[in-house]
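Summary of the model geometry
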Amino acid sequence: MKSSVIVFPGSNCDRDIAKALEKMQFKNQMVWHKETDLPKSDLIVIPGGFSYGDYLRSGAIAGKSLIIEEVIKAANSGCLVLGICNGFQILTETGLLKGTLLRNKNLKFINKDINIKVINNQTRFTSKYKLNQILKINIAHNEGNYFTNSTHLNELKNENLIAFKYCDEKGNINNQSNPNGAMDNIAGIFNSKKNILGMMPHPERMVDKFISNTDGVNLFSSILH
Amino acid sequence: MKFSVTVVLKKDVLDPQGKVVQNTLNNLGMSDLKSVRQGKFFEIEIDEQDQKKAEIKVDGMCKKLLVNLIIEDYKINKL
């Protein structure tokens, strides 16, 4: 399977995701944001980091970059697109995913391993996980507080478009297990066709038991199968 | 022609930064304070003599880039 990782000035998880993809046997290519040709890919990843130093709003400038037009075209024709952290913020700024990510409710940058629950495992990104499986995954962000209007929130619930929710070790989804104030504890969402996933946690940091754990592996193996 | 654009969070969107500024002003003794909302301010100069046309252009800039319409409102004023 072929993957492309889009690199912006200020991306800083681009090499982490490239390593994870290579470990999972993807044929990966890095694509600089000024390119206007996107190599043919089965998966496009928009990595984490601080594209353009978070100027204006997180992801706002990257969301209007040259390569993004190609990403939108590919996404609309069914290509899988995964946005992690700043990548999720960028996807909301392009309009490929609805809603937005506000400043964390406690105004702090949060970098820690938290628990999330798999809410929908019937998708190209999550089929190797069990429904309601609890994962331990790292988050590292300042703007992860997911916000959307009530019509879209209902759409997310009714059409099963919530991928992951923040929970505690036992799987309880409540205010105490919500690290950043995200609506309904939302940690990741799909678009209506479920070929685009945006998530704040970093699955690429959880593919090796020597540095963390392997809870992120099944996300990549779901995509492969 | 010069314009100012003021961007503020919509009423129903939580503004934690504004809240902290408000609390701090309260701590400084400004007890009659009702609320503080924090926003952004842009000064835009545009090479267009017709005010209406210029305003339409600035409005386009707001919608395309400067403002996230999901959470923010904006006001354009001629300077």
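This section reports on the structure supplied with the text. (Residues numbered from 1 in each chain as written. Chains lettered and ligands numbered in written order. Predicted model: local features only at pLDDT ≥ 70, side-chain atom pairs only at ≥ 80, totals over all residues. Heavy atoms only, no water.)

**A few points about the interface of chain B and chain A**
In this assembly, 15 residues from chain B lie in contact with 13 residues from chain A. Area buried by chain B at its contact with chain A is led by Pro16, Leu65 and Ile70 of chain B, which between them contribute 37% of it. Taken together, the connections running from chain B to chain A amount to one salt bridge. Residue Glu72 of chain B pairs with Arg57 of chain A through a salt bridge whose shortest N-O separation is 3.9 Å. Where chain B touches chain A, the interface holds six residue pairs in polar contact (both at pLDDT 80 or more). Elements with a contribution of two residues or more to the side of chain B that touches chain A: α1 (16-27), β2 (39-45) and α2 (51-66) of chain B. Considering only residue class, the side of chain B that touches chain A consists of 10 nonpolar, two polar and three charged. (Contact = heavy atoms within 4.5 Å. Buried area = accessible area lost by both parts, 1.4 Å probe. Salt bridge = Lys/Arg side-chain N within 4 Å of Asp/Glu carboxyl O. Polar contact = N/O pair within 3.5 Å; in protein donor to acceptor, adjacent residues only side chain to side chain. Helix = DSSP H or I, 4+ residues; strand = E, 2+ residues; numbered from the N terminus. Nonpolar A, V, L, I, M, F, W, Y, C, P; charged D, E, K, R; others polar.)

**What about the environment of Thr94 of chain A?**
All names here are of chain A. Secondary-structure assignment places Thr94 in helix α3 (residues 86-94). With a relative accessible area of 18%, Thr94 lands in the buried category. Distance from Thr94 to Gly59, taken between C-alpha atoms, is 8.7 Å for residues 35 residues apart in sequence. With near-sequence residues (within four places) excluded, Thr94 lies in contact with Gly63, Ile68 and Ile72. Within the structure, the side chain of Thr94 is placed 3.1 Å from the backbone nitrogen of Leu96, a separation counted as a polar contact. (Buried < 20%, exposed > 50% of the residue type's maximum accessible area, 1.4 Å probe, protein only.)

**Things to note about unusual backbone geometry**
All names here are of chain A. With phi around 60°, Asn160 is a residue other than glycine that occupies positive phi space. Structurally, Asn160 can be placed in the loop between α4 (150-158) and β9 (162-167). Positioned with a positive phi, Asp184 is a non-glycine residue whose angle comes to about 55°.

**Details of the sheet that holds strand β3 (residues 72-78) of chain B**
Residue and element names in this part refer to chain B. Pairing within the open sheet is antiparallel, and its three strands lie in the order β2-β1-β3. Strands with a single pairing partner mark the edges of an open sheet, and in this sheet they are β2 and β3. Strand-to-strand twist across the sheet, computed as the mean angle between neighbouring axes with direction ignored, equals 20°. In terms of strand pairing, strand β1 (residues 2-9) meets β3 through seven bridges, oriented antiparallel. (Pairing = 2+ DSSP bridges. Axes fitted to C-alpha atoms, helices over the stretch in contact; angles between N-to-C directions.)

**Remarks on the pattern of salt bridges**
All names here are of chain A. Taken as a whole and judged by the stated rule, the model has 11 salt bridges over all chains. In this structure, the salt-bridge partner of Arg57 is Glu93, at a minimum N-O distance of 2.8 Å. Taken as a pair, Arg57 in the loop between β3 (43-46) and α2 (66-76) and Glu93 in helix α3 lie far apart in primary sequence, 36 residues in all. Overall, the relative accessible area of 10% leaves Arg57 in the buried class. Note that Lys98 and Glu155 form a salt bridge whose closest N and O atoms lie 3.4 Å from each other. Here Lys98, found in the loop between α3 and β5 (100-102), pairs with Glu155, found in helix α4; they are 57 residues apart in sequence, far enough to count as distant. On the basis of relative accessible area, Glu155 is assigned to the partly exposed category, the value being 22%.

**What to know about the pairing of strand β6 (residues 110-118) of chain A**
Relative to strand β7 (residues 134-141) of chain A, β6 of chain A runs antiparallel, the two being bridged by eight bridges. Within β7 of chain A, the residue paired with Asn115 of chain A across the bridge is Lys136 of chain A.

**Here's the deal with the layout of surface pockets**
In this structure, the largest pocket spans a volume of roughly 670 Å³. In terms of lining residues, the largest pocket is bounded by 34 residues, among which Leu102 and Arg103 of chain A together with Leu9, Gln17 and Ile71 of chain B are the most central. Of all the secondary structure elements, the ones that give two or more residues to the lining of the largest pocket are α3, β5 and β8 (145-147) of chain A together with β1, α1 and β2 of chain B. Of the residues contributing to the lining of the largest pocket, the split by class is 12 nonpolar, 12 polar and 10 charged. Put simply, the second largest pocket is a space of about 210 Å³. What lines the second largest pocket is a set of 16 residues, and nearest its centre among them are Leu96, Lys98, Asn191, Ser192 and Lys193 of chain A. Where the lining of the second largest pocket is concerned, the elements lending two or more residues are α2 and α4 of chain A. Element by element, the count of residues in the lining of the second largest pocket is highest for α4 of chain A, at three residues. Residue classes in the lining of the second largest pocket are distributed as seven nonpolar, six polar and three charged. (1 Å grid on protein atoms, 1.4 Å probe; cavity = no way out; pocket = protein on both sides within 12 Å on 5 of 7 lines; lining within 4 Å. Points joined across faces, edges and corners; volume = space filled by probe spheres on them.)

**Some thoughts on the environment of Lys34 of chain A**
Considering the arrangement of structural elements, one finds Lys34 of chain A in the loop between β2 (27-32) and β3. The sequence separation of Lys34 of chain A and Ile6 of chain A amounts to 28 residues, and the corresponding C-alpha distance is 9.8 Å.

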